[in-house]
Amino acid sequence: MELSRVGTHEPVAVTGEPRSAAVLVPVIAREDGDGDHLLFVKRADHLGEHAGQMAFPGGGHEPGDADLLATAVREAGEEIGLEPEEPAVVGRLDDIRTVSEYAVRPFVARVPDRTYVPDGREIAEVAVLPVAGLTDPANYTTERRDHPHYGDIRLHYFQVDGYTVWGATGRMLVQLLELTTDWEAPPEETVERVDPDADLPV
């Protein structure tokens, strides 16, 4: 991954949503030389929003947070035990809007190659997935649907090692991979539209 491209990217900010949040996009260079990996968390099944979904560590901004980067680092500490001094931030991706009415700011950072432990309350599992698998065309699908709030939307699905990354995290992942690798999402005009009530491939 050419993470320097994230550092030179001028991220687009989102305004107008009632709530702000931030996530850390953790990049791990495996010590065994197996290439770059990305760390995801699987949200617990009992949560009200996005239960069971794959995500990057993060959460809502709190009054005690100095800024949104502080939010991302604090949440990563709470969710997977990341120490405040461990992430080496290289830059930001574009803010995104979520269906739960958050404006989410993603910070990309290198983190150490070590074991991370899910908190067991909000986070059920930590998954470290290879970038080589995420960029394999055989592991990716995309579709368009009509959303009751946002209208026409495009969904991305990355299926690697038994995990499916999609939704807001899938959108962040698309931009990260397009910035830092040779992978590109298929052009808009080639994407099939499906019925809004069709089953999700997750």
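Residues numbered from 1 in each chain as written. Predicted model: local features only at pLDDT ≥ 70, side-chain atom pairs only at ≥ 80, totals over all residues. Heavy atoms only, no water.

**What to know about the overall build of the chain**
Okay, step 1: Per the secondary structure count, the chain includes four helices and eleven strands.
Okay, step 2: The C-alpha atoms of the chain give a radius of gyration of 16 Å, which matches the 17 Å a tight globule of 202 residues would have.
Okay, step 3: With the C-alpha coordinates aligned to their principal axes, the bounding extent of the chain is approximately 45 × 40 × 35 Å.
Okay, step 4: The buried share among the 202 residues of the chain stands at 49%.
Okay, step 5: Of the contacts made within the chain by residues no fewer than 6 positions apart, 67% connect residues no fewer than 24 positions apart.
Okay, step 6: Of the charged side chains in the chain, 17 are positive and 39 negative, and the gap between their average positions amounts to 3 Å. (Helix = DSSP H or I, 4+ residues; strand = E, 2+ residues; numbered from the N terminus. Rg over C-alpha atoms; globule rule 2.2 N^0.38 Å. Buried < 20%, exposed > 50% of the residue type's maximum accessible area, 1.4 Å probe, protein only. Contact = heavy atoms within 4.5 Å. Lys, Arg positive; Asp, Glu negative; His and termini not counted. Charge placed at Lys NZ, Arg CZ, Asp CG, Glu CD.)

**A word on the packing of aromatic side chains**
Okay, step 1: Counted under the stated rule, the structure contains five aromatic pairs.
Okay, step 2: Both rings, one in Tyr 157 and one in Trp 166, keep their centres 6.0 Å apart while their planes meet at 20°; by these two values the pair is stacked. The burial state of Tyr 157 is the same as that of Trp 166; both residues are buried.
Okay, step 3: Counting every residue linked through ring pairs, the aromatic cluster contains Tyr 140, Phe 158 and Trp 183. (Phe/Tyr/Trp six-rings, centres within 6.5 Å; stacked < 30°, edge-to-face > 60°.)

**Description of the pairing of strand S7 (residues 102–110)**
Okay, step 1: Among the nine residues of S7, eight are classified as buried, and the element is accordingly described as predominantly covered.
Okay, step 2: Sheet topology places strand S1 (residues 19–29) next to S7; nine bridges connect them, and they run parallel. Bridge pairing in S7 places Leu 24 opposite Phe 107.
Okay, step 3: Where strand S5 (residues 88–92) meets S7, four bridges bridge the pair, whose relative direction is antiparallel. Along S7, the bridge assignment pairs Ala 88 with Arg 110.
Okay, step 4: As judged from the two bridges shared by strand S6 (residues 96–97) and S7, these two strands associate in the antiparallel manner. (Pairing = 2+ DSSP bridges.)

**Side note on the environment of Glu 188**
Okay, step 1: Mapped onto the secondary structure, Glu 188 falls in the segment after helix H4 (167–180).
Okay, step 2: Along the chain, Glu 188 and Arg 154 lie 34 residues apart, while their C-alpha atoms are 8.6 Å from each other.
Okay, step 3: The contacts of Glu 188, once residues within four sequence positions are left out, are Arg 144 and Arg 154.
Okay, step 4: Of note is the side chain of Glu 188, whose polar atom sits 3.2 Å from the side chain of Arg 154. (Polar contact = N/O pair within 3.5 Å; in protein donor to acceptor, adjacent residues only side chain to side chain.)

**Details of the side chain of Glu 86**
Okay, step 1: Along the chain, the position of Glu 86 falls in the loop between helix H2 (68–80) and S5.
Okay, step 2: In this structure the side chain of Glu 86 is engaged in a polar contact, spanning 2.8 Å, whose partner is the backbone nitrogen of Glu 83.
Okay, step 3: With near-sequence residues (within four places) excluded, Glu 86 lies in contact with Gly 81, Arg 110, Val 111, Pro 112, Arg 114 and Tyr 116.

**With respect to unusual backbone geometry**
Residues apart from glycine generally show negative phi values, whereas peptide bonds are mostly found in trans.
Okay, step 1: One non-glycine residue with positive phi stands out, namely Asp 161, at about 55°.
Okay, step 2: Secondary-structure assignment places Asp 161 in the loop between strand S10 (151–160) and strand S11 (163–165).
Okay, step 3: By relative accessible area, which is 57% here, Asp 161 ends up exposed.

**What about the confidence of the model for the chain?**
Okay, step 1: For the chain, per-residue confidence averages 90 on the pLDDT scale, and residues scoring 70 or more make up 94% of the total.
Okay, step 2: No element of the chain has a lower mean pLDDT than strand S9 (residues 140–147), which averages 86, and none a higher one than S5, which averages 97. (pLDDT = per-residue confidence, 0-100.)

**Thoughts on the pattern of salt bridges**
Okay, step 1: If you walk through the whole model with that rule in mind, you get 14 salt bridges.
Okay, step 2: Between Glu 17 and Arg 97 there is a salt bridge, with its nearest N and O atoms 3.1 Å apart. Here the residue Glu 17 occupies a position in the loop between helix H1 (4–8) and S1, and Arg 97 occupies one in strand S6, the gap between them amounting to 80 residues.
Okay, step 3: Under the relative-accessibility criterion, Arg 97 is labelled partly exposed at 37%.
Okay, step 4: A salt bridge links Arg 121 to Asp 119, with the nearest nitrogen and oxygen atoms 3.8 Å apart.
Okay, step 5: Arg 121 gets classed as exposed once you look at its relative accessible area, which sits at 55%.
Okay, step 6: Members of the salt-bridge network, linked through shared partners, are Glu 62, Asp 65, Arg 74, Glu 75 and Glu 78. (Salt bridge = Lys/Arg side-chain N within 4 Å of Asp/Glu carboxyl O.)

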